[in-house]
Amino acid sequence: MAASALDVSALLKKKNAAQGFKSATPDKEDNLQYDLGNMTAFDISPMDATAYKKNAQFLLDYTRDNVQLLINQLFALPTTSSEEGIFAQLPKGSTVIPREKPLPKSKPMTRWEKFAQEKGIVKQKRSRMVFDESAEDYKPRFGFKSIKKAQVDANWVVEAKPGDDLTEDPFEKISSKKKLVQAKQKMREMRNELESQGKKVPAGLVNLAAPLPSQKRGKSGLEKALKAAQKSTASIGKFDQKAFREKEIKEKGIRRKYDSVVSNDRDRNMKMLSKVVAGDTKYDTTKAAKIQMREDQDGAHQANKDAYKANKLSAPKRKWSGSKRQKRK
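Residues numbered from 1 in each chain as written. Predicted model: local features only at pLDDT ≥ 70, side-chain atom pairs only at ≥ 80, totals over all residues. Heavy atoms only, no water.

J.: Explain the overall build of the protein chain to me, please; I cannot follow it from the model alone.
T.: From N to C terminus, the protein chain includes 10 helices and 6 strands. A total of 329 residues make up the protein chain; the buried ones form 10% of that total. Taking the intrachain contacts of the protein chain between residues at least 6 apart in sequence as the baseline, contacts between residues at least 24 apart amount to 32%. Just so you have it, the protein chain exposes about 31,000 Å², and 56% of that area is on carbon and sulfur atoms. (Helix = DSSP H or I, 4+ residues; strand = E, 2+ residues; numbered from the N terminus. Buried < 20%, exposed > 50% of the residue type's maximum accessible area, 1.4 Å probe, protein only. Contact = heavy atoms within 4.5 Å. Areas by Shrake-Rupley, 256 points an atom, 1.4 Å probe, with all protein chains shown as cover.)

J.: Looking at this structure, I do not really get the pattern of salt bridges. What am I missing?
T.: A side chain of one charge can pair with a side chain of the opposite charge if their charged atoms are brought near each other. Counted according to the given criterion, the structure contains 3 salt bridges. We note a salt bridge from Asp43 to Lys28, for which the minimum N-O separation is 3.9 Å. Taken together, the residues span a long stretch of sequence, with Asp43 in the loop between strand S2 (40-42) and helix H2 (49-54) and Lys28 in the loop between helix H1 (8-19) and strand S1 (33-35) at a distance of 15 residues. Asp132 is the partner of Lys139 in a salt bridge, and the nearest nitrogen-oxygen pair spans 3.4 Å. Given the relative accessible area of 6%, Asp132 is considered buried. (Salt bridge = Lys/Arg side-chain N within 4 Å of Asp/Glu carboxyl O.)

J.: Where do I start with unusual backbone geometry in this structure?
T.: Trans peptide bonds make up the majority, and among non-glycine residues the majority have a negative phi. Positive phi outside glycine occurs at Met39, with the angle close to 55°. Considering the arrangement of structural elements, one finds Met39 in the loop between S1 and S2. Met39 gets classed as partly exposed once you look at its relative accessible area, which sits at 48%.

J.: Hey, could you run me through the packing of aromatic side chains in this one?
T.: Aromatic ring pairs are described here by two measures, namely the spacing of the ring centres and the angle between the planes. Using the criterion set out here, one finds 3 aromatic pairs in the structure. Measuring from ring centre to ring centre gives 5.9 Å for Phe58 and Tyr62, while their planes differ by 35°; the resulting arrangement is tilted. Residue Phe58 and its partner Tyr62 are both found in helix H3 (residues 58-75); the two are separated by 4 residues, about one turn of the helix. Consider the rings of Phe131 and Tyr138, whose centres lie 5.2 Å apart with planes at 70°: the pair is edge-to-face. Residue classification places Phe131 among the partly exposed residues on the basis of a relative accessible area of 39%. Sitting above the plane of the Tyr62 ring, Lys28 keeps its charged end 4.3 Å from the centroid. (Phe/Tyr/Trp six-rings, centres within 6.5 Å; stacked < 30°, edge-to-face > 60°. Lys NZ or Arg CZ within 6 Å of the ring centre and 35° of its normal.)

J.: Help me understand helix H6 (residues 170-196) in this model?
T.: In an α-helix, one turn spans 3.6 residues, which is why side chains three or four residues apart end up on the same side. Taking 1.5 Å per residue as the helical rise, H6 with its 27 residues ought to reach 39 Å, and the 39 Å between its terminal C-alpha atoms agrees with that figure. Turning to H6, its buried residues are Met187, Arg191, Asn192 and Leu194. Where H6 is buried, its residues touch helix H4 (111-119). Between the side-chain oxygen of the N-cap and the backbone nitrogen of Phe171 there are 3.3 Å, and the N-cap of H6 in question is Asp169. Residue Gly198 follows H6 closely and has a positive phi angle near 80°. (Expected span 1.5 Å × (residues − 1). Polar contact = N/O pair within 3.5 Å; in protein donor to acceptor, adjacent residues only side chain to side chain.)

J.: Quick question: what am I supposed to make of the pairing of strand S6 (residues 137-140) here?
T.: Consecutive side chains along a regular strand alternate between the two faces of the sheet. Pairing of strand S5 (residues 129-132) with S6 involves 4 bridges; the strand directions are antiparallel. Paired with Phe131 across the two strands is Tyr138, which belongs to S6. The antiparallel hairpin formed by S5 and S6 contains 4 residues in its connecting segment, where Glu136 sits at a positive phi of about 55°. (Pairing = 2+ DSSP bridges.)

J.: I would appreciate a short explanation of the layout of surface pockets in the present structure.
T.: The method is simple in principle: a probe with the dimensions of a water molecule rolls over the atoms, and the space it marks as empty is what remains. Empty space within the largest pocket amounts to approximately 300 Å³. As for the largest pocket, its lining consists of Val158, Glu159, Ala160, Lys161, Asp164, Asp165, Leu166, Glu168, Pro170, Lys173, Ile174 and Lys177. Residues belonging to the lining of the largest pocket are distributed by class as follows: 5 nonpolar, no polar and 7 charged. (1 Å grid on protein atoms, 1.4 Å probe; cavity = no way out; pocket = protein on both sides within 12 Å on 5 of 7 lines; lining within 4 Å. Points joined across faces, edges and corners; volume = space filled by probe spheres on them. Nonpolar A, V, L, I, M, F, W, Y, C, P; charged D, E, K, R; others polar.)

J.: I keep staring at the side chain of Asp132 and nothing clicks. Help me out?
T.: Relative to the assigned elements, Asp132 resides in strand S5. Discounting chain neighbours no more than four positions away, the residues touching Asp132 are Asp137, Lys139, Ile147 and Ala150.

J.: Got a minute to help me understand the environment of Val96 in this structure?
T.: As for its placement among the helices and strands, Val96 is situated in the loop between strand S4 (86-88) and H4. The exposure class assigned to Val96 is exposed, which follows from its relative accessible area of 77%. In sequence terms Val96 and Asn38 are 58 residues apart; their C-alpha atoms lie 10.0 Å from each other.

J.: Hey, could you run me through the side chain of Arg141 in this one?
T.: Take Arg141: it is sitting in the loop between S6 and helix H5 (147-154). Of the polar contacts made by the side chain of Arg141, one reaches the backbone oxygen of Ser127; its length is 3.0 Å. Ignoring any residue separated from it by four or fewer positions in sequence, one finds Arg141 in contact with Arg126, Ser127, Arg128, Val130, Ser146, Ile147 and Lys148.

Written out as structure tokens, the structure is:
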């Protein structure tokens, strides 16, 4: 007697239906467009408006079936296991997602980048190790035990050339030259940054780098620089010795305007008097009273001061005898 095969899927479906669970394989056609890289699915089929009007739960059930189809596709992807769990290997996304922020602006090219582009110079990466001929071994270009430090340690003697100042420290001179080169490089970097922004180096700033044709100060700029140099000492240039044919730039002051001596005082006084009588001018009586009280106090103080000086001068001087002086001693 042949045993009848049991339909396990049908039994599970009945059990889930009895418990209120829905099947993992929805009863609908799979016509979704998947983008598994972004874990999304798009349903472009039209909705059944009559079913939606009859049953408000229709839209939730329809959405649940689409999400179940998406989850089934994700579970069908190849997986990798690790200590943290099992992970699905997502493919590359196909949907183009818009940017949150605008594209960054292109950085303006520096002088060297423009020159290298015109001449076709390609930047090459330098090796980290450099061969040291004195030690006959490779040493790092920078950092600990670099070739630069080895060269400094090796050059512990500097030959004095004819005409050199024997009192000057040659190592300090070499160090100052290095600092000057670094300052020039810093100046070039600042100049390139200003030029990239469409600006120029200010006229009052000392340009340690090579002067550019576009950096001409002009007559007004030279006069401003000379004026600042002449007034830069403690005496504001009063006791400084002028160079040969040096022109002293005088600072133009603000002229004060005075009334003419031959002006008609009578007309001016009559005009003021007519304003006072007509009441056109407003006066602060409180302020006027305070000014008058202050003048009275100043006058009384000066009178007391003069009286004290007069009494001091008219009073006879006291003389001390010799006996009293001895007693005081």
